[in-house]
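For reference, the chains in residue letters:
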Amino acid sequence: MIEEIVKELSSPDEEGFKNSIYDDSSGKIVPKGTPIDQEGKLPSGGSPTIGTGHLVTPEEYDTIYKTGEMYSKSELDKLLYKDVQEKMDIVNQTIEKKYDNKPVADDVKKILVKTTFWLDAPNKFPKFFEGMVTGDYQKAIDNLIYTNPEVSKEQYTKIYEPEKGMSGLKERTLKYIEAINKLKKNNIEVMYLCKNKPNSIKKIKSKIEQL
């Protein structure tokens, strides 16, 4: 699963890839010698990033990864594998601690790992995370779109209605919503079969067991 996630994250419509430190708010390469503040932010307000969405920490900035220098894809791909494994561990630990280690389908877990990589989903979008784990996909979608959908559906999240210059966020969010809608549709179809055509489910299970 990790290799699939790494490949998907590296695609241009996800994180993409840059072999020098870049500004995550604009996608532009950070000029050599550009300072960061105490919170690790660039003068633009963006965060220094490298490779495929790796946030360069203040400890790494201009030490391990230097502005104005280029790094090999193989080196940065190793960094991505490490980052994805860390996010996978966070997802698994969250499911174990908060949801009694509830079984989660691979397609769901992939979305959880990628949104943890991108959004820090367990902490910043906990209700989205909960909806995905419990199979309440509409709840998950609503919490990507609205800041507090249980109260109002008039205030949008910053990933659905991003600030000026961050238009790519909405496109990316819509792609995740599309993927979750497919899970929702498949879930409805399975529930319908279970209720109205149980023999069809038995046949499918029998075929799977024969593989």
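Before reading further, recall that the structure is shown in the block above.
In this convention, every chain numbers its residues from 1, walking through the sequence in written order. Under the rules for a predicted model, residues below a pLDDT of 70 receive no local features and side-chain atom pairs below 80 are neither given nor counted, while totals for whole chains, interfaces and linings still include all residues. Side-chain figures throughout are based on the complete set of non-hydrogen atoms in the structure, without hydrogens or water.

Engineer: What exactly am I supposed to notice about the pattern of salt bridges here?
Structural biologist: Where charged atoms from two side chains of opposite charge come close, those side chains can pair. Should a side-chain nitrogen of Lys or Arg be within 4 Å of a carboxyl oxygen of Asp or Glu, the pair is scored as a salt bridge. The full count for this structure, using the stated rule, is 12 salt bridges. Note that K73 and D77 form a salt bridge whose closest N and O atoms lie 2.9 Å from each other. Remark: D77 and K73 occur in helix α2 (residues 73–98); sequence separation between them is four residues, near one turn of the helix. The class for K73 is partly exposed, based on a relative accessible area of 45%. Among the charged side chains, a salt-bridge network with shared partners connects E4, E8, E14, E15, K110, K114 and R172. The helix and strand labels rest on DSSP assignments: H or I over at least four residues marks a helix, E over at least two residues marks a strand, and numbering proceeds from the N terminus. The buried label applies to any residue whose accessible area, calculated with a 1.4 Å probe on protein chains only, is under 20% of its type's maximum; exposed applies above 50%, and partly exposed to all values in between.

Engineer: Sorry, what's going on with the nonpolar core here?
Structural biologist: One recurring pattern in soluble globular proteins is that nonpolar side chains are buried together. Formed by 36 residues in total, the largest nonpolar core has its most connected members in V84, L112, F128, F129, M132, L144 and I180. Of all the secondary structure elements, the ones that give two or more residues to this core are α1 (2–10), α2, α3 (106–119), α5 (126–134), α6 (137–145) and α7 (168–196). The leading source of residues in this core is α3, at seven residues. Residue contacts follow a heavy-atom distance rule, with two residues in contact if any of their heavy atoms lie within 4.5 Å. Setting aside residues up to four positions removed in sequence, V84 forms contacts with I2, I5, V6, L9, V113 and F117. We define a nonpolar core as any set of buried Ala, Val, Leu, Ile, Met, Phe, Trp, Tyr and Cys residues linked to one another through side-chain atoms lying within 4.5 Å. Judged by nonpolar contacts, the second largest core, of 10 residues, contains I21, L42, Y65 and L76.

Engineer: What is the right way to read the sheet that holds strand β3 (residues 54–55) from this model?
Structural biologist: What links the strands of a sheet is backbone hydrogen bonding, and the strands pair in either a parallel or an antiparallel sense. For two strands to be treated as a pair, DSSP must find at least two bridges joining them. Here we have three strands laid out as an open sheet, ordered β1-β2-β3, and antiparallel in their pairing. Every other strand in the sheet has two partners, leaving β1 (18–23) and β3 as the edge strands with one partner each. In this structure, strand β2 (residues 48–51) lies alongside β3, joined through two bridges in antiparallel fashion. Within β3, the position partnered with I50 by the bridge is H54. Axis lines are fitted to C-alpha atoms, over the contacting stretch for helices. Their N-to-C directions set the angle, which ranges from 0 to 180 degrees. Where α2 meets the sheet, its contacts fall on β1, β2 and β3, and the angle it forms with β2 comes to roughly 110°.

Engineer: What's the story with α5 in this structure? I'm lost.
Structural biologist: Every buried residue of α5 is accounted for by F128, F129, G131, M132 and V133. Phi for G135, located one or two positions after α5, is positive at around 85°.

Engineer: Which parts of the structure should I look at to understand the side chain of R172?
Structural biologist: Tracing the chain through its elements places R172 in helix α7. Using a relative accessible area of 7% as the deciding quantity, one classes R172 as buried. Beyond its immediate stretch of four places on either side in the chain, R172 contacts L9, D13, E14, E15 and W118.

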